[in-house]
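# Reading the structure
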Amino acid sequence: PAPDRAAKPPLRIVRCIVAWPCLTIAASLVLTIVMSMVGWMSVINYATLPGKDGNPFKTVDYPVADPIAKQLNAFTQAQAHSNTVLQQQQLGRRRMHEAD
């Protein structure tokens, strides 16, 4: 026979959510707003540090000096070269088949 298992009581957080749902929703909304304000304050403070240009959302201009942007430019050039070689190979195969 299976042993009788007593049901576990619900967790405190579950009882709180069930007992006060409006308070729970309001608390999570306030927490979200406060955390977003803290995040924006940290972005603004970082942008105003000495040695920064004051723009936290600076974009990279072309010609690029950023190593990641250089890698992306190299990737684009390699892709274009690969497409050119592939087209030349296909053209050569067509000429071989036309000669047969």
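About the thresholds
Residues numbered from 1 in each chain as written. Predicted model: local features only at pLDDT ≥ 70, side-chain atom pairs only at ≥ 80, totals over all residues. Heavy atoms only, no water. Helix = DSSP H or I, 4+ residues; strand = E, 2+ residues; numbered from the N terminus. Buried < 20%, exposed > 50% of the residue type's maximum accessible area, 1.4 Å probe, protein only. Areas by Shrake-Rupley, 256 points an atom, 1.4 Å probe, with all protein chains shown as cover. Patch = residues over 30% accessible without salt bridge, like charges linked within 9 Å, V, L, I, M, F, W, Y side chains within 5 Å. Salt bridge = Lys/Arg side-chain N within 4 Å of Asp/Glu carboxyl O.

### Regarding the overall build of the protein
Each helix and strand in the protein was counted, giving three helices and zero strands. Secondary structure of the protein in N-to-C order comes out as α-α-α. In the protein, which comprises 100 residues, the proportion classed as buried is 2%. Surface exposure of the protein reaches about 9,700 Å², of which carbon and sulfur atoms provide 65%.

### Topic: a nonpolar patch on the surface
A surface patch of nonpolar side chains, amounting to about 490 Å² of accessible area, comprises Leu 11, Ile 13, Val 14, Ile 17 and Val 18. The residue Ile 13 is located in helix 1 (residues 12-19) in this model.

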